[in-house]
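# Overview (structure and organization)
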Amino acid sequence: MKQRIVWILSTIMGVSFVCLLYLQVSYIEEMVRMRKSQFEESVSRSLAQAARNLELVETKRFLDKDVAELLRAEQRAQDIAASHKRDSLQLLPSSVRNYLGQNESNANTAFSSFELRTASQSPSSIPQVVISTGGGVVQTSSQLQKALKERYMYHRALLDEVVYNIVYTTNNLPLKQRINFKQLDYFLKSELQNNGINIPFHFSVTDREGNQIHACSDYVYDGEKIYQRLIYENAPPAQMAFINIFFPTMNRYIYSSVRFMIPSIIFTLVLLVMFISTIYIISRQKKLTELKNDFVNNMTHELKTPISTISLAAQMLNDPALGKSPMMLKHVSGVINDETKRLRFQVEKVLQMSMFEREATVLKMKEIDANELIEGVVKTFRIKVEKYEGSIETMLSAYDAKVYVDEMHFTNVIFNLLDNAIKYRREDVNVALSIRTWNELNKLYIEIEDNGIGIKKENLKKIFDKFYRVHTGNVHNVKGFGLGLTYVKKIVTDMKGTIRAESEIGVGTKFIIVLPLLKEK
């Protein structure tokens, strides 16, 4: 599949997942907004009804008080009625006396001042319960309307007097005495439950200046949103009070309605992660395929050269004239032997990395002195460096170079790093290599530095990848399979060490190996 098609499909799937997540989040936000709006409306309705219930209870309390006072006044009037009956009747207007004289049973009945005032202001010569039979239907209807009007005036005046007493009394009462806070707590709880809100709440009562008059016993304010409602809306400013209520678990209550969407978002995120992982794996496999193709091409070229040399030498051995020259025969045999070793070394390197991948190779760890091992490698490698008119310098400053490693593989690590420095040399300058060792924090540091062509920053982090080779153009001037640094990284890691590279284009490359020191028991 072409790279372009992969990227197009990946983009379409990625945009689809992002849009799906956006729609889900938008739906959750809309549900939360609606839920919050419903919650606020229910709280507002509950507060309004609780405030109204508070005023109704207060009105009922004052009505009961007024009725009780009226009954006590009536009892007192009955006590003195017997002795002052005649004198009291003489003082009344004639209309009242006629009203009382219509029924003899009223002689033992006491009347309140309000009843007497109503009777004197609205006299009636005809009893309200008796309808005259001397007239027609029109006259009877008129008498009924008159009687109803008199009763209405009586009750309205009575209520006016009661309301006046309530207003006058409440205006002079402090808010702490006027409000029954236990009843208010009960009303708030009842009304909230009636509106479907059954979560904990805290409330307080403040005056118009914000001074707290009362707070519930478990009142703890933690910055939550406060809902406020005015009590006694028609009261004077000095008597105005506000109910302040907040819900500590309001957010949990609101978001509880969208819990069912959480699994949907989780599954969508899982699918998105799986999609990204799949794309990453496909991309990596594609890159690995390209690297393997490069490896096959390089391996073909590397194997083709010694095979061609061996084939040419074998043809020379068939020449009868070669047998007459022992020196030439020895030279041809040496070429065949060298090229065979070279071919075997390349094959073994590939097989060795395959064994490392299967973790079939067991390192033969033992105690060695790294300074001595490095001196031996440098002594062998110096001949190859001098071939290119180069130099190699050692500064083995580590006072403790005892490490626990596999001698053979560790030797190959040093050799591979030095060999890479030769491969990636600059043609315009002589090769200059340096190897340093030192101790730091109970570690052995080994630094191998060259003055080669250097490595770009974008390639530096890939040099330890399998089959990866820094591009040097189409010319095969640098031999190899791209396995050397992968092998080095694997060996150093298995020996509990680390390796890193520092490089600059046109200046050179530096490899730093860090190994743990052998701990003496």
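You'll find the structure just up there.
Let us look at the structure shown here. Small disclaimer: the values here were computed from a predicted structure and weren't measured.

Quick look at the pairing of strand β9 (residues 443-449) now. Here β9 lies mainly inside the structure; five of its seven residues are buried. Two strands pair when backbone bridges link them, and strand β8 (residues 432-440) and β9 are joined in this way by seven bridges, in the antiparallel orientation. Paired with E440 across the strands is K443, a residue of β9. In textbook terms, the turn of a hairpin is the stretch between consecutive antiparallel strands, and for β8 and β9 this stretch comprises two residues, one of which, L441, has a positive phi near 55 degrees. Pairing between β9 and strand β11 (residues 508-516): seven bridges, direction antiparallel. The residue bridging E449 from the neighbouring strand is K510, located in β11.

What follows deals with unusual backbone geometry. Phi angles above zero are rare outside glycine, and N442 is one such case at about 60 degrees. Counting through the fold element by element, N442 comes out in the loop between β8 and β9. The class for N442 is exposed, based on a relative accessible area of 67%. Non-glycine residue K496 carries a positive phi angle of around 65 degrees. Residue K496 is classed as exposed on the basis of its relative accessible area of 68%.

A separate point is the packing of aromatic side chains. Tallying each qualifying case throughout the model produces eight aromatic pairs. With centroids separated by 5.5 Å and ring planes inclined at 50 degrees, the aromatic side chains of F39 and Y253 adopt a geometry described as tilted. Here Y253 lies in helix α7 (residues 250-255) and F39 lies in helix α1 (residues 3-91), a separation of 214 residues in the sequence. Since its relative accessible area comes to 2%, F39 is described here as buried. Seen from their ring centres, Y186 and F187 are 6.0 Å apart, and the 55 degrees between their planes marks the pair as tilted.

Mapped onto the fold, A313 is located in helix α8 (residues 261-317). The class of A313 is buried, set by a relative accessible area of 3%. In the structure, A313 is positioned 21 residues away from G334 in sequence and 9.7 Å away in space, judged by C-alpha atoms. Beyond its immediate stretch of four places on either side in the chain, A313 contacts V332 and I336.

Spatially, five strands are ordered β6-β8-β9-β11-β10 in an open sheet, and the strand pairing comes out mixed. Looking along the sheet, the strands with just one partner apiece sit at the ends: β6 (391-396) and β10 (498-504). For this sheet the average axis-to-axis angle between neighbouring strands, irrespective of direction, equals 15 degrees. Along the sheet, helix α10 (residues 370-387) contacts β6, β8 and β9; its crossing angle with β6, the most-contacted strand, is approximately 170 degrees. Contacting β10 and β11, helix α13 (residues 484-494) runs over the sheet at an angle of about 140 degrees to β10.

Turning our attention to the sheet that holds strand β4 (residues 241-246). Strand order in the open sheet formed by four strands is β2-β1-β4-β3, with antiparallel pairing between adjacent strands. Edge positions in the sheet fall to β2 (212-215) and β3 (227-231), since each of these pairs with one other strand and no more. Averaged over all neighbouring strand pairs, the angle between strand axes comes to 20 degrees, with direction disregarded. Sheet topology places β3 next to β4; five bridges connect them, and they run antiparallel. Paired with I231 across the strands is A241, a residue of β4.

Before going further, it helps to examine a nonpolar patch on the surface. Residues I262, I266, F267, V270 and M274 make up a contiguous nonpolar surface patch of about 500 Å² in total accessible area. For M274, the position within the fold is in helix α8.

Spanning 17 residues, helix α11 (residues 407-423) covers 24 Å between terminal C-alpha atoms, matching the ideal 24 Å at 1.5 Å per step. Buried residues of α11: H409, F410, V413, I414, N416, L417, L418, D419, N420, A421 and I422, and no others. Capping of α11 at its N-terminal end is provided by D406; its side-chain oxygen lies 3.1 Å from the backbone amide nitrogen of M408.

What follows is about the side chain of N244. Within the element layout of this structure, N244 appears in strand β4. When its relative accessible area of 6% is taken as the criterion, N244 is described as buried. Reaching out from N244, the side chain makes a polar contact with the side chain of T206 at a distance of 3.0 Å. A polar contact of 2.6 Å, which involves the side chain of N244, links it to the side chain of Q228. If we ignore the near neighbours within four places in the chain, the residues touching N244 are H202, F203, S204, V205, T206, I226, Y227 and Q228.

Right, let's get into the nonpolar core. Judged by nonpolar contacts, the single largest core of 43 residues is most densely connected at F410, L417, L418 and L433. Of all the elements in the fold, those that place two or more residues in this core are α10, β7 (402-406), α11, β8, β9, α13, β10 and β11. Not counting chain neighbours up to four residues away, the residues in contact with L418 comprise V377, F381, I392, L433, I435 and I448. Residues V205, I231, F247 and V258 belong to the second largest nonpolar core, which totals 40 residues.

Calculation rules
Residues numbered from 1 in each chain as written. Predicted model: local features only at pLDDT ≥ 70, side-chain atom pairs only at ≥ 80, totals over all residues. Heavy atoms only, no water. Buried < 20%, exposed > 50% of the residue type's maximum accessible area, 1.4 Å probe, protein only. Helix = DSSP H or I, 4+ residues; strand = E, 2+ residues; numbered from the N terminus. Pairing = 2+ DSSP bridges. Phe/Tyr/Trp six-rings, centres within 6.5 Å; stacked < 30°, edge-to-face > 60°. Contact = heavy atoms within 4.5 Å. Axes fitted to C-alpha atoms, helices over the stretch in contact; angles between N-to-C directions. Patch = residues over 30% accessible without salt bridge, like charges linked within 9 Å, V, L, I, M, F, W, Y side chains within 5 Å. Areas by Shrake-Rupley, 256 points an atom, 1.4 Å probe, with all protein chains shown as cover. Salt bridge = Lys/Arg side-chain N within 4 Å of Asp/Glu carboxyl O. Expected span 1.5 Å × (residues − 1). Polar contact = N/O pair within 3.5 Å; in protein donor to acceptor, adjacent residues only side chain to side chain. Core = buried A, V, L, I, M, F, W, Y, C linked by side-chain atoms within 4.5 Å.

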